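# Fold and geometry: a report
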Amino acid sequence: MQKQFIASVLFFFLCTMGNGFYGQKNVDIDVVKSQYVYLLTNQRDSLDVENKSEEYFILQRGKEKSQFMSLNSYKRDSVAAGLVNNSVRTSTLDLTNIPKTNFTYRIIKDPAKNKIDYYDKIIRMDFSYEENPGFNWKITSEKKNIGTLKCQAAILSYAGRNYKAWFTNDIPVSDGPYKFYGLPGLIVEMEDDKKHYKFELLSYKNFADEKPLWISEKRMNGKKVPKADFYKGLKNSQENLVQEMAKSGFKLDAGAESLVKDKLKKRNNPIELIP
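I will try to describe carefully the structure that is included in this document.

Basis of the calculations
Residues numbered from 1 in each chain as written. Predicted model: local features only at pLDDT ≥ 70, side-chain atom pairs only at ≥ 80, totals over all residues. Heavy atoms only, no water. Helix = DSSP H or I, 4+ residues; strand = E, 2+ residues; numbered from the N terminus. Buried < 20%, exposed > 50% of the residue type's maximum accessible area, 1.4 Å probe, protein only. Contact = heavy atoms within 4.5 Å. Areas by Shrake-Rupley, 256 points an atom, 1.4 Å probe, with all protein chains shown as cover. Core = buried A, V, L, I, M, F, W, Y, C linked by side-chain atoms within 4.5 Å. Salt bridge = Lys/Arg side-chain N within 4 Å of Asp/Glu carboxyl O. Expected span 1.5 Å × (residues − 1). Arc of directions from axis to C-beta. Pairing = 2+ DSSP bridges. Axes fitted to C-alpha atoms, helices over the stretch in contact; angles between N-to-C directions.

### A closer look at the overall build of the protein chain
- Across its full length, the protein chain carries 6 helices and 12 strands.
- Relative to its full complement of 275 residues, the protein chain shows a buried share of 47%.
- Looking at the protein chain alone, contacts between residues at least 24 apart form 64% of all its contacts between residues at least 6 apart.
- Surface exposure of the protein chain reaches about 14400 Å², of which carbon and sulfur atoms provide 50%.

Structure (structure tokens):
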């Protein structure tokens, strides 16, 4: 029971507070022309090969930009936006039905400018950084079919990981999961050589009726910092999480504090090993 309580408290602090569930306005940055659903399978503890988790992500592409995000995180922001637009009544809102996520970031790509804008939170504060990755893809001669799609392999080293991606010319869209883009076709599957992170395309569709490609105003107005400073701050917040919890009114006894620290030690395998 105590372990379950600590897990709930830790998740609430990292996700519910981190997500910042509040009424928020949206900023339209483009219109959605097509959408792609990916499944991420990842290993959060680098030493625990048997324990892997899954989460769905969506890639929404517009005329000039695209946005990649957790499907559950997108749903949370959509509900929060509904509070502002009065499409959701606060008095009838059941918070327990709001999807939880381990990934709160938004990634907006602008390929024409070779630019990525990354938005996320550290505890309760919104931050963003800009990156110009210039991915150095190496396309190989290896080919295979994934479902009905004819795919070709490409390799890439990025942020401390070596990846193999399978892209398809059947969908001539130069985009893919997470921050990745720049191949002649859509990335259908991508995995690092340690098999810690794997993205798989599940479905895709085009839209005849254009709908807004949006991000919350609060996210967009977060503090802009260099990428290195963001990850330094994120690491510091994780190392001092117990103290941050105390500041927010969570008082833990010695046993509970030990359990929280033990759980944090198992979250040691971020997608970017060298930010």
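Back to the text.
### Points about the side chain of Glu 189
- Position of Glu 189 among the secondary structure elements: in strand β10 (residues 186-192).
- Using a relative accessible area of 15% as the deciding quantity, one classes Glu 189 as buried.
- Residues in contact with Glu 189, not counting those within four places in the same chain, are Lys 144, Ile 146, Lys 164, Ala 165, Trp 166, Lys 198, Phe 199 and Glu 200.

### Remarks on the nonpolar core
- Ranked by size, the top nonpolar core spans 45 residues in total, and within it Phe 68, Trp 137, Tyr 178 and Phe 180 carry the most contacts.
- With 6 residues, the single largest contributor to this core is strand β8 (residues 149-158).
- In contact with Phe 68, other than residues within four places in its own chain, are Tyr 38, Phe 57, Ile 58, Leu 59, Tyr 105, Arg 106, Ile 107, Gly 176, Pro 177, Tyr 178 and Phe 199.

### Observations concerning the pattern of salt bridges
- Summed over the entire model, instances satisfying the criterion amount to 18 salt bridges.
- The partner of Glu 210 in a salt bridge is Lys 33, with the nearest N and O atoms 3.0 Å apart. With Glu 210 in strand β11 (residues 197-216) and Lys 33 in strand β1 (residues 26-42), this pair connects stretches of sequence that are 177 residues apart.
- Across the salt bridge formed by Glu 142 and Lys 164, the nearest N and O atoms sit 2.8 Å from each other. Note that Glu 142 is positioned in strand β7 (residues 138-146) and Lys 164 in strand β9 (residues 161-168), a separation of 22 residues in sequence.
- By relative accessible area, Glu 142 is classed as partly exposed at 37%.

### Quick word on the environment of Glu 64
- When you line up the elements, Glu 64 lands in the loop between β2 (53-61) and β3 (66-70).
- Take Glu 64: its relative accessible area is 60%, and that puts it in the exposed class.
- With residues near it in sequence (within four places) discarded, Glu 64 still touches Asp 30, Lys 109, Asp 110 and Pro 111.

### A closer look at helix α4 (residues 227-239)
- The end-to-end C-alpha separation of α4 is 19 Å, in line with the 18 Å expected for 13 residues at 1.5 Å each.
- Taken together, the buried positions of α4 are Lys 227, Phe 230, Tyr 231 and Ser 237. Angularly, the buried residues of α4 cover 120 degrees about the axis, an arc narrow enough to put them on a single face. Relative to its buried face, α4 has exposed residues pointing more than 90 degrees away, namely Ala 228, Lys 232, Lys 235 and Glu 239.

### What about the sheet that holds β8?
- In spatial order, the strands read β7-β8-β9-β10-β11-β1-β2-β3-β4-β5-β6-β12; together these 12 strands make up an open sheet with mixed pairing. If you trace the sheet from one side to the other, it starts and ends with β7 and β12 (223-224), each paired once.
- Alignment of β3 against strand β4 (residues 106-110), held across 4 bridges, turns out to be antiparallel. Bridging from a neighbouring strand, Phe 68 pairs with Ile 107 of β4.
- Against the sheet, α4 engages β5 (115-122), β6 (125-131) and β8, with an angle of about 20 degrees to β5.

Shape is all these values report; function is a separate question.
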